[in-house]
Amino acid sequence: MGLLLLMLGCAKHVSWDVQPRPSYALPSLEVSVVTGERSCKRVADDLAQTLSARPGVVVRPDAPVRLLVQDCEHEVETLLELESVFPGIDYSAAVSHERRRFDMRGWANAVLIVDSPSAATVRLDGGAERRVRGPWVSDGELDMPRMFTLQQAVRRDLATDLADQLAPLPATIRRTLYNDPEPGTSRQLHNLAVDAEREGNLDEALRLAKQAYAANPTAVGMDYIEALQEHASAVGYALAP
């Protein structure tokens, strides 16, 4: 425990926000959300509500960019698991032990057609899934959530997935910095890599991170390299080969 506290005392954490790149850059942030399918009405309503809460997005019926929600599918699958334990032939059948639990999986898919007078029509596919597994129960009823409640949650997740493809929210980057590292060490190189990343120079950050890993090849160093690559991919930054 003392060693762990010492290591934590040698580091601090920094964080900052970045703007992820959308899957499709809307030609205008004024949009309408419509559907011609009854099965998609609730998804469209949730999408309109979700987009309205995104910075800069305006949802109005006569907007120039039209978002058409179609081909909606959803389902909730419930599996009941039963486990019986019998001690053996030397015991009475009454000694056997039985327990149960539930496993619920809800999923939903939809297609979003983006239609704009100033750009080509674009198709986006959205999907969401949630899984709820209850504890083992030996006596009494299983405390299962209502199927409709799970459907609502998955539908909101689907709306969020579609909204994120058009107007993603800022993401927070969190990194560790070492206090007063010795010059030329792996820790100093790591700190320099984080500084470059915060400034937006991801190529330099990756170069320094690889140098830090070469000086001290640890799992933490490799995790940072992978996190850098994920950061670049999320914001649409093409790292130098």
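Residues numbered from 1 in each chain as written. Predicted model: local features only at pLDDT ≥ 70, side-chain atom pairs only at ≥ 80, totals over all residues. Heavy atoms only, no water.

K.L.:
Residue-level account of the overall build of the chain, with values.
P.N.:
A count of helical and extended segments in the chain gives 6 helices and 7 strands. Reading the chain from its N terminus to its C terminus gives the helix and strand order α-β-β-α-β-β-β-β-α-β-α-α-α. A burial count over the chain gives 34% of its 241 residues as buried. Relative to all contacts within the chain whose residues are 6 or more apart in sequence, the contacts with residues 24 or more apart total 74%. Total accessible area on the chain stands at roughly 14,700 Å², and carbon and sulfur atoms take up 52% of it. A gap of 3 Å separates the mean positions of the 25 positive and 34 negative side-chain charges of the chain. (Helix = DSSP H or I, 4+ residues; strand = E, 2+ residues; numbered from the N terminus. Buried < 20%, exposed > 50% of the residue type's maximum accessible area, 1.4 Å probe, protein only. Contact = heavy atoms within 4.5 Å. Areas by Shrake-Rupley, 256 points an atom, 1.4 Å probe, with all protein chains shown as cover. Lys, Arg positive; Asp, Glu negative; His and termini not counted. Charge placed at Lys NZ, Arg CZ, Asp CG, Glu CD.)

K.L.:
Account for the environment of R174, naming residues and giving values.
P.N.:
The topology assignment puts R174 in strand β7 (residues 171-178). Each C-alpha atom, one on R174 and one on I113, is 35 Å from the other, the two residues being 61 residues apart in sequence. Apart from residues no more than four positions distant in its own chain, R174 is found in contact with V14 and S15.

K.L.:
Please give an account of the packing of helix α2 (residues 41-52) against helix α3 (residues 147-166) that cites residues and values.
P.N.:
Orientation of α2 relative to α3, taken along the N-to-C sense of each, is 55°, at an axis distance of 8 Å. The angle between α2 and α3 places the two elements in the oblique class. Judged by the sense of rotation from one axis to the other, the crossing of α2 with α3 is right-handed. Here R42, V43, D46, L47, T50 and L51 of α2 lie close against α3, whose contacting residues are F148, R155, R156, L158, A159, T160, L162 and A163. Residue composition of the contact of α2 with α3, grouped by class: 8 nonpolar, 2 polar and 4 charged. (Axes fitted to C-alpha atoms, helices over the stretch in contact; angles between N-to-C directions. Parallel < 35°, antiparallel > 145°, perpendicular 65-115°, else oblique. Left-handed = near helix turned anticlockwise from the far one by under 90°. Nonpolar A, V, L, I, M, F, W, Y, C, P; charged D, E, K, R; others polar.)

K.L.:
So what's going on with the pattern of salt bridges? Residues and values would help.
P.N.:
Inspection of every chain in the model, using the stated rule, returns 16 salt bridges. Linking D164 and R54 is a salt bridge whose minimum nitrogen-to-oxygen distance equals 2.9 Å. Note that D164 is positioned in helix α3 and R54 in the loop between α2 and β3 (58-59), a separation of 110 residues in sequence. For R54, a relative accessible area of 6% corresponds to the buried category. In this structure, R123 and D125 form a salt bridge, with 3.0 Å as the shortest nitrogen-oxygen distance. Members of the salt-bridge network, linked through shared partners, are E81, R101, D103, R131 and R133. (Salt bridge = Lys/Arg side-chain N within 4 Å of Asp/Glu carboxyl O.)

K.L.:
Give me the environment of Y237: which residues, what numbers.
P.N.:
Within the secondary structure, Y237 sits in the segment after α6 (219-235). Relative accessible area serves as the criterion here: at 28%, Y237 is assigned to the partly exposed category. Linking Y237 and L202, residues 35 residues apart in sequence, is a C-alpha distance of 7.9 Å. Here Y237 is in contact with G200, N201, L202, D203 and A232, once residues within four sequence places are set aside. Here the side chain of Y237 touches D203 through a polar contact of 3.1 Å, side chain to side chain. (Polar contact = N/O pair within 3.5 Å; in protein donor to acceptor, adjacent residues only side chain to side chain.)

K.L.:
Describe in detail the nonpolar core, supporting the description with residues and values.
P.N.:
Among the nonpolar cores identified, the biggest contains 35 residues, and L47, L67, V69 and V114 are the most heavily contacted of them. No other element matches the 7 residues that α3 contributes to this core. Those residues in contact with V69 that lie beyond four places of it in its chain are V33, V34, T35, C40, V43, A44, L47, A110, V111 and L112. Residues I173, A193, A205 and L208 belong to the second largest nonpolar core, which totals 19 residues. (Core = buried A, V, L, I, M, F, W, Y, C linked by side-chain atoms within 4.5 Å.)

K.L.:
So what's going on with the layout of surface pockets? Residues and values would help.
P.N.:
Estimates place the volume of the second largest pocket at around 240 Å³. Taken together, 17 residues make up the lining of the second largest pocket; nearest its centre are S39, R42, V43, H74 and R155. Sorting the residues of the lining of the second largest pocket by element identifies α2, β4 (65-85), β5 (97-116) and α3 as the ones contributing at least two each. Split by residue class, the lining of the second largest pocket holds 7 nonpolar, 5 polar and 5 charged. (1 Å grid on protein atoms, 1.4 Å probe; cavity = no way out; pocket = protein on both sides within 12 Å on 5 of 7 lines; lining within 4 Å. Points joined across faces, edges and corners; volume = space filled by probe spheres on them.)

K.L.:
Lay out the state of the cysteines in plain terms, naming residues and giving numbers.
P.N.:
Using the criterion set out here, one finds 1 disulfide in the structure. In this model C40 forms its disulfide with C72; the gap between the sulfur atoms is 2.1 Å. One disulfide, between C40 and C72, carries an S-S torsion of 120° and so falls in the right-handed class. Of this pair, C40 sits in the loop between β2 (30-34) and α2 while C72 sits in strand β4; the two residues are 32 residues apart in sequence, bridging distant segments of the chain. (Disulfide = S-S within 2.5 Å.)

Remember, this is a structural readout, not a statement about activity or role.
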